[in-house]
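Summary of the model geometry
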Amino acid sequence: MFYKRKRMNRLAGTVSAGRERGRKQQMKILVINAGSSSLKYQLIDMRDESVIAKGVCERIGDGGKIKHKTADGREYVEEVDFPTHTEAFEKLVEVLSTGEYAVVQSMSEISAVGHRIVQGAEYFSESVLVTDEVLSTIENISDLAPLHNPAHVKAIRACQKVFGKEVPEVVVFDTAFHQTMPPRAYMFGLPYDYYEKYNVRKYGFHGTSHRFVSARLGELIGKNIKDLKIITCHLGNGSSICAVNGGQSVDTSMGFTPLDGLMMGTRSGSVDPSAVLYIMEKEGFTPKEMSDVLNKKSGNLGISRISSDDRDLRKAAAEGNPMASLAGEMFRYQIKRYIGAYAAAMGGLDALVFTGGIGENSYSLREAVCDHMEFLGIEFDKAKNEGVRGEELEISKLSSKVKVWIVPTNEELLIARDTLAIIKRIQ
Ligand code: ADP
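An account of the accompanying structure is given in this report. (Residues numbered from 1 in each chain as written. Predicted model: local features only at pLDDT ≥ 70, side-chain atom pairs only at ≥ 80, totals over all residues. Heavy atoms only, no water.)

Strand order in the open sheet formed by eight strands is β5-β4-β3-β2-β1-β6-β8-β7, and the pairing between neighbours is mixed. Lying at the two open borders of the sheet, with one neighbouring strand each, are β5 (75-79) and β7 (128-129). Note: strand β1 (residues 28-34) against strand β2 (residues 39-45), seven bridges, orientation antiparallel. When the bridges of β2 are listed, L30 appears paired with L43. Along the sheet, helix α16 (residues 411-426) makes contact with β1, β2, β6 (110-117), β7 and β8 (169-173), crossing β6 at roughly 125°. (Pairing = 2+ DSSP bridges. Helix = DSSP H or I, 4+ residues; strand = E, 2+ residues; numbered from the N terminus. Contact = heavy atoms within 4.5 Å. Axes fitted to C-alpha atoms, helices over the stretch in contact; angles between N-to-C directions.)

Have a look at this one:
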């Protein structure tokens, strides 16, 4: 069988009573992005989608520190011992609800918690309510994301322990948006056995961002996303490009892991697999050592030998560093290549979107990528683009057939929106 999706029942399980406690009116959603040693959070008021407070608990399991910031500008930093995620959540509850940095009178004002999950594989094509079954599925696919999924599960269990199981929790997957890719886009030309035995295929990542900015683009240009062919470029430390046809991801540049596709800050992007095997043989690297080279020592850092950060590279390039220039040229060229490929894959293009730290802020990159793209229907407006950082703006000429936009991404907000939509369905 080619198609072997094992989708979870969207609303599997039930959420027990308890949620009455005034949460319906409060509409505050806590968004959690947990890693193995950190826990980033945002508390969002869904009445106006504003951020009430945000911060991070760092160095979990190895000391501990909380950095907390409220919307009205109060900032709090403290070294605290976080042996596990549980202590980090306990501290978070304390900071959010008591003392001078509090933003809620009681934790019962928080209606639900939304968690970002890196890998949902073929099990999750949309966000779901957390149940025991959902948690064990996320755990069972840990092989596909060993650095992320086990940490997410630990964090969700700690959150349940501290908040109580009656507070609904929702999981939002980086991979879910890309589950609409057809097999011709997600299969690798490897023996089919490895797909069947080990689920080796393209999953794609940054799905929450590509979904957010493509939907927002539709709103901004006043068109139904179902009628649009869009290419979204999420360019940051990690970068990926997505072909969004009729609101659905039909192809994306990241693959089995977030290593594939574009060259990034420290990741290589696509490489001929034979080159990897050749280097392993020559250097006597183990798979783990080779993985470190590909994930941590390549990309901007590997080529320039000075930094992974796009800003440092542009500065060095301006000062005449040829390797920094080369890294920049490679990145821009690769983005162009994907745009051409995805326009061909979709049979046309209506809009191109730039997002992520580099996409939103680097106007020179946007200009270089859109240079000489008139053949595709892109008429770039250099004057409008010049100097623009981090704001929603159309940067193509009015006559341009393909609209080019900067759309700042907001993954946390989309996680909060999904969380709210799911808890409304179960209330
Ligand atoms: P992540 O993938 O970690 O979420 P970001 O989306 O925050 O990363 O992007 C980080 C990248 O964005 C860095 O390479 C940084 O140089 C770049 N960046 C951030 N701010 C600016 C800016 N003002 N101008 C140009 N590049 C920027």
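Additional details are given in the paragraphs that follow.
The geometry of an aromatic ring pair is captured by two quantities: the separation of the ring centres and the angle between the planes. Summed over all chains, the structure comprises eight aromatic pairs. Seen from their ring centres, Y203 and F256 are 6.3 Å apart, and the 35° between their planes marks the pair as tilted. Placement of Y203 in the loop between α6 (192-198) and α7 (207-220) and of F256 in the loop between β11 (248-252) and α8 (273-283) is noted, with a sequence separation of 53 residues between them. For Y203, a relative accessible area of 0% gives the class buried. By the ring-pair criterion, three or more aromatic residues cluster together here, those being Y186, Y192 and Y195. Just above the ring of Y186 sits the side chain of R201; from NZ or CZ to the centre is 3.5 Å. (Phe/Tyr/Trp six-rings, centres within 6.5 Å; stacked < 30°, edge-to-face > 60°. Buried < 20%, exposed > 50% of the residue type's maximum accessible area, 1.4 Å probe, protein only. Lys NZ or Arg CZ within 6 Å of the ring centre and 35° of its normal.)

If you check the shell around the ligand, you find G236, N237, G238, D309, D310, R311, R314, G356, G357, I358, N361 and R389 and nothing else. For the ligand, an oxygen atom lies 3.2 Å from a polar atom in the backbone of G238. The contact in question runs from an oxygen atom of the ligand to an N or O atom on the side chain of R311, over 3.2 Å. In the complex, 70% of the free accessible area of the ligand, which totals 580 Å², lies under the protein chains. (Near = heavy atom within 4 Å. Polar contact = N/O pair within 3.5 Å; in protein donor to acceptor, adjacent residues only side chain to side chain. Areas by Shrake-Rupley, 256 points an atom, 1.4 Å probe, with all protein chains shown as cover.)

Turning to empty space enclosed by the protein, a few remarks are in order. On inspection of all chains with the given rule, the structure shows one cavity of 30 Å³ or more. Of the pockets and cavities examined, the largest cavity occupies roughly 40 Å³. Forming the boundary of the largest cavity are M187, F188, L190, P191, Y192, Y194, Y195 and V200. Looking at the lining of the largest cavity, its residues break down into eight nonpolar, no polar and no charged. (1 Å grid on protein atoms, 1.4 Å probe; cavity = no way out; pocket = protein on both sides within 12 Å on 5 of 7 lines; lining within 4 Å. Points joined across faces, edges and corners; volume = space filled by probe spheres on them. Nonpolar A, V, L, I, M, F, W, Y, C, P; charged D, E, K, R; others polar.)

What follows is about unusual backbone geometry. Despite not being glycine, A121 has its phi angle at roughly 45°, a positive value. Mapped onto the secondary structure, A121 falls in the loop between β6 and β7. Classification of A121 by relative accessible area gives buried; the value is 2%. In the Ramachandran plot, H206 falls in the positive-phi region, its phi being about 60° despite a non-glycine side chain. Look at H206 and you get buried, because its relative accessible area is 13%.

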